[in-house]
Amino acid sequence: MAQSPLLEIPEHFNIASHFVDRPALQHPERVAIVGEPAAVSYGQLRKAVSRAAGALRGMGCSPGDRVLLVLPDSAEFFAAFFGAARMGAVAVPVNPMTRVADYAHYLEDSEARFAVVHQIAAAEFFKAAERFAGIPGGLKTVLLVGRDPASLLPHGPELKVMDWNEALAEASADLPAHPTRATDMAFFLYTSGSGGTPKAAVHQHKDMLVTAHNYSQQVLGLSADDVTFSVSKLFFAYGLGNGMYFPLSAGATTLLSPEKPGVDRIVELVKQHRPTVFFAVPTFYAALLQDGGPDLGTVFACVRLAVSAGEALPAEVFLQFRKRCGLDILDGIGSTEMLHIFVSSRPGAARPGSCGFEVPGYEARIVGDDGEAVQDGNIGNLWVKGQSALAKYWSKPELTARTLRGEWVLTGDKFVRDAAGYYHHCGRSDDMLKIRGMWVSPGEVENALLAHPAVAEAAVVGRSDAVGLVFAVAYVIPAAASAAGEVLARELREFLAARLPTYKRPAEIHFLSELPKTATGKIQRFRLRE
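Residues numbered from 1 in each chain as written. Predicted model: local features only at pLDDT ≥ 70, side-chain atom pairs only at ≥ 80, totals over all residues. Heavy atoms only, no water.

Chemist: Lay out empty space enclosed by the protein in plain terms, naming residues and giving numbers.
Modeler: Evaluation of the coordinates by the stated rule reveals two cavities of 30 Å³ or more. Quantified by volume, the largest cavity comes out at close to 100 Å³. For the lining of the largest cavity, the per-class residue count stands at six nonpolar, five polar and one charged. Of the pockets and cavities examined, the second largest cavity occupies roughly 40 Å³. Surrounding the second largest cavity, E311, A312, D331, G332, I333, C355, F415 and H425 form its lining. No other element matches the three residues that strand β14 (residues 329-334) contributes to the lining of the second largest cavity. Across the lining of the second largest cavity, the residue classes break down as four nonpolar, two polar and two charged. (1 Å grid on protein atoms, 1.4 Å probe; cavity = no way out; pocket = protein on both sides within 12 Å on 5 of 7 lines; lining within 4 Å. Points joined across faces, edges and corners; volume = space filled by probe spheres on them. Nonpolar A, V, L, I, M, F, W, Y, C, P; charged D, E, K, R; others polar. Helix = DSSP H or I, 4+ residues; strand = E, 2+ residues; numbered from the N terminus.)

Chemist: Outline the pairing of strand β3 (residues 66-70), listing residues and values.
Modeler: Burial analysis of β3 places five of its five residues in the buried class, which makes it a mostly covered element. Regarding the hand of the β-α-β motif, the stretch spanning β3, helix α3 (residues 75-86) and strand β4 (residues 90-93) is right-handed. Looking at chain direction, β3 and strand β5 (residues 114-118) are connected through four bridges and run parallel. What sits directly across from V70, in β5, is V117. (Buried < 20%, exposed > 50% of the residue type's maximum accessible area, 1.4 Å probe, protein only. Right-handed = clockwise from strand over helix to strand, strands pointing away. Pairing = 2+ DSSP bridges.)

Chemist: Residues and numbers for the packing of aromatic side chains, please.
Modeler: Applying the stated criterion across every chain yields a total of 21 aromatic pairs. Measuring from centroid to centroid gives 5.0 Å for F278 and F300, while their planes differ by 85°, and the two rings are edge-to-face. In this pair, F278 sits in strand β12 (residues 277-280) while F300 sits in the loop between α11 (296-299) and β13 (305-308), placing the two residues 22 residues apart along the sequence. Given a relative accessible area of 0%, F278 falls into the buried group. On the basis of an interplanar angle of 80° and a centroid distance of 5.2 Å, the ring pair of Y285 and F321 is categorised as edge-to-face. Here the residue Y285 occupies a position in helix α10 (residues 282-291), and F321 occupies one in helix α12 (residues 315-325), the gap between them amounting to 36 residues. On the basis of relative accessible area, Y285 is assigned to the buried category, the value being 0%. Using a relative accessible area of 0% as the deciding quantity, one classes F321 as buried. (Phe/Tyr/Trp six-rings, centres within 6.5 Å; stacked < 30°, edge-to-face > 60°.)

The structure is reproduced here in structure tokens:
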């Protein structure tokens, strides 16, 4: 498809000014956030962002300093994220539901001297913080949300803990934005960890402007009348756009849920708030189909667009959701490195098993290992370029050099483009299997398994035999736990025999109660290979 002209980016640009001040000055009384204990208007959000910026500056935070955000989806997340950007610091959002070792990694890797931490993460976070408080360049001050900080001081006096509400009450509600350039660092986003240790992708102020323009406006057509709801959380690149800056860019309303997503709770929120645009990952759509109840179609009647990303959407899930809800899920491929979706299905033109075409403003190519383009119909490596690409990986120059080839970003994904120009995701490069000299996509085998009514989830990985030959192994979560066993395994082998050639069929089928996943819902296939 023809590419649209590049977006004209101003020399000076601050994301807090664009995504918070601009809509707040236009319609201060309009609701920006629902799902909180009380709705938050655009005017109230602007004041909270300004006060958060003032509180950070009062703590000694300077432009360029990293501010670790350990917060659930909430108005405080918005205020802390944009507050850091407003005063020129660098926001570093991370999972608020993880463990000590992960927080230690984030603190050490980002070299954050300041943090905003919610009480739900405090116990685990402070255990990690003890290691970094008081050392040169280490953690200096924590703003604690939702609890009396005096009750959480297992560390020494080197680490100052302040109450979020008190700090904001003393700060200015009208602090001007720092005069950042569009190419200044604005935030880090850590990769999901589906392939190992998370790495921090460095993004600039301009990058949110680009993805909001290219995808939110030109593909989704978000408007002020929309209510967005993202099951994927804000600390994840996909969720950050869906749940925060996309709706803000359109003057729309976002529905937030701070809890770990469960089907019953999500269905309840959809019934209550009637979102018009719904975002989730493939595994959650599969869970909705499994546990969403017989009236799922009625519940989702308010939704005009359902979007999926994070992993390839199985064709079987697409077809079942269309049948139940009358909606075509818009599958897309994006990455932390590109900030959001760069290849996407379009409303009215979605096809099962495909993630569509390039998003306007992006260019994709499929190349062989030699870097030369492959013909349509052949599997190759996906490269992409666009104005929202990461500047670098933080403190990882070798990885940056391997990932960036001039303007091109090497995604690490295997793709094929069909004769009609539709892109099809075949899997991560390190997940692809070469069996009997032929490429096998785990996703194709998984989709075949998901077509069986007794299969709720499936993951396929490769193993090597005694002489080093690769074969496929399937891990299956049965729809009913009691179904697991040799009878079902035999039934699945017969089922696949009618759908896949011999070399693509799993040599082994194992049953699990759950698959290893990242906090963002991606299957960690590397753990199944261990």
